[in-house]
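Descriptive analysis of the structure
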Amino acid sequence: GDSVTQMEGPVTLSEEAFLTINCTYTATGYPSLFWYVQYPGEGLQLLLKATKADDKGSNKGFEATYRKETTSFHLEKGSVQVSDSAVYFCALSYGNNRLAFGKGNQVVVIP
Amino acid sequence: DTAVSQTPKYLVTQMGNDKSIKCEQNLGHDTMYWYKQDSKKFLKIMFSYNNKELIINETVPNRFSPKSPDKAHLNLHINSLELGDSAVYFCASSQDWGRGIGNEQFFGPGTRLTVL
């Protein structure tokens, strides 16, 4: 079935460092792709999305490009801040708009 | 104004009890969802309703019964609670259940259920 794979393990980095979180997907057809962020003790917020191949989603300095040839949607940010510390989920939507999530990556930004 | 709200935020109960979680959205959306997030933060869809009709019912035990009195509300009732039901339950809503460009899902703050 349709699924999303995120890189294993937490990500710890210093303020102003470059962040990359890998996400690959398996899908029949052409899903929409999303990155959601969950701050401590809160629900999920949509960070960015892309609905077709080569689309680039961007928000708050984060970017991700829908790559059909590599079935990937990697999240990047050029200079992270302490306030970016959160759990980041890659997701795709398939049949009846259900979301399939990756396992999430805890990002910890150290001052 | 809270777009998607859930009550209660925390729920602690004994094994075998019956409990309900309520969800309301004021976005005017037609479709609502329940997701379960386990202790490892893995999220999985449980149900979705579109305008009070069941659309998605994943392989969830019969002890879980969603109810949608109107399209702005989707409640989750759980009978005979078990230890494994401990999780965070998230409600979400979207404009409809298609996969159109604007059809992202908006999530509530979650309900942390602890079964003792």
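Just so you know, these numbers come straight off a predicted model, no measurement behind them.

**Brief notes about the overall build of chain B**
Check the secondary structure of chain B and you find 0 helices and 11 strands. Each helix and strand of chain B, ordered N terminal to C terminal, gives the series β-β-β-β-β-β-β-β-β-β-β. Relative to a compact globule of 116 residues, whose C-alpha radius of gyration would be 13 Å, chain B shows 14 Å and is just as compact. Here the C-alpha coordinates of chain B stretch approximately 40 × 30 × 30 Å along the principal axes. The proportion of buried residues among the 116 residues of chain B is 45%. Total accessible area computed for chain B in this model is approximately 5800 Å², and 50% of it derives from carbon and sulfur atoms. For chain B, the distance from the average position of its 13 positive side-chain charges to the average position of its 12 negative side-chain charges is 6 Å.

**Observations concerning the interface of chain A and chain B**
Taken together, the contact between chain A and chain B spans 25 residues of the former and 25 residues of the latter. Summing the contributions of chain A and of chain B, the shared interface buries around 1900 Å²; its carbon and sulfur component is 54%. The interface formed by chain A and chain B contains 2 salt bridges. A salt bridge links B:Glu104 to A:Lys49; the shortest N-O distance between them is 3.8 Å. At the junction of chain A and chain B, the tally comes to 7 residue pairs in polar contact (both at pLDDT 80 or more). Mapped by element, the contributors of at least two residues to the side of chain A that touches chain B are strand 5 (32–38), strand 6 (44–50), strand 10 (86–94) and strand 11 (98–101) of chain A. The residue inventory of the side of chain A that touches chain B, partitioned by class, reads 11 nonpolar, 10 polar and 4 charged.

**Examining the state of the cysteines**
All names here are of chain B. Within the structure shown, the criterion is met by 2 disulfides over all chains. Cys-23 shares a disulfide with Cys-91; S-S distance 1.8 Å. Judged by the torsion about the S-S bond (-75°), the Cys-23/Cys-91 disulfide is left-handed. Here Cys-91 lies in strand 9 (residues 87–94) and Cys-23 lies in strand 3 (residues 19–25), a separation of 68 residues in the sequence. Taking the relative accessible area as the measure of exposure, Cys-23 reaches 2% and is therefore buried. The class of Cys-91 is buried, set by a relative accessible area of 0%.

Parameters and conventions
Sequence order as written defines residue numbering, which begins from 1 separately in each chain. For naming, the first written chain is A and the first written ligand is 1, with later ones following in the order written. Per-residue local features are limited, in this predicted model, to residues with pLDDT of at least 70; the limit for side-chain atom pairs, both in listing and counting, is 80 or more; totals at the level of whole chains, interfaces and linings are taken over all residues. Values reported for side chains reflect all heavy atoms of the structure, with hydrogen atoms and water molecules removed beforehand. By definition, any uninterrupted DSSP run of H or I lasting at least four residues is a helix, any uninterrupted run of E lasting at least two residues is a strand, and each is numbered from the N terminus. Radius of gyration here uses only the C-alpha atoms, and the compact-globule reference equals 2.2 Å multiplied by the residue count raised to the power 0.38. Accessibility here uses a 1.4 Å probe with only protein chains present; expressed as a share of the type maximum, an area under 20% marks a residue as buried, one over 50% as exposed, and anything in between as partly exposed. Note that accessible areas follow from Shrake-Rupley with a 1.4 Å probe, and for residues the cover is restricted to the protein chains shown. In this charge count, Lys and Arg are treated as positive and Asp and Glu as negative; neither His nor the chain ends contribute. A charge is said to be at NZ when it belongs to Lys, at CZ for Arg, at CG for Asp and at CD for Glu. We call two residues in contact when some of their heavy atoms are within 4.5 Å. Simply put, the buried area is the total loss of 1.4 Å probe accessible area from both parts when two parts are fitted together. What makes a salt bridge here is a side-chain nitrogen of Lys or Arg within 4 Å of a carboxyl oxygen of Asp or Glu, nothing more. Side-chain atoms alone can form a polar contact between residues adjacent in sequence; in general such a contact is a pair of N or O atoms within 3.5 Å, and within protein one must be able to donate a hydrogen while the other accepts it. Each residue is assigned to one class: nonpolar for Ala, Val, Leu, Ile, Met, Phe, Trp, Tyr, Cys and Pro, charged for Asp, Glu, Lys and Arg, and polar for all the others, Gly among them. Only a pair of cysteine sulfur atoms within 2.5 Å qualifies as a disulfide here.

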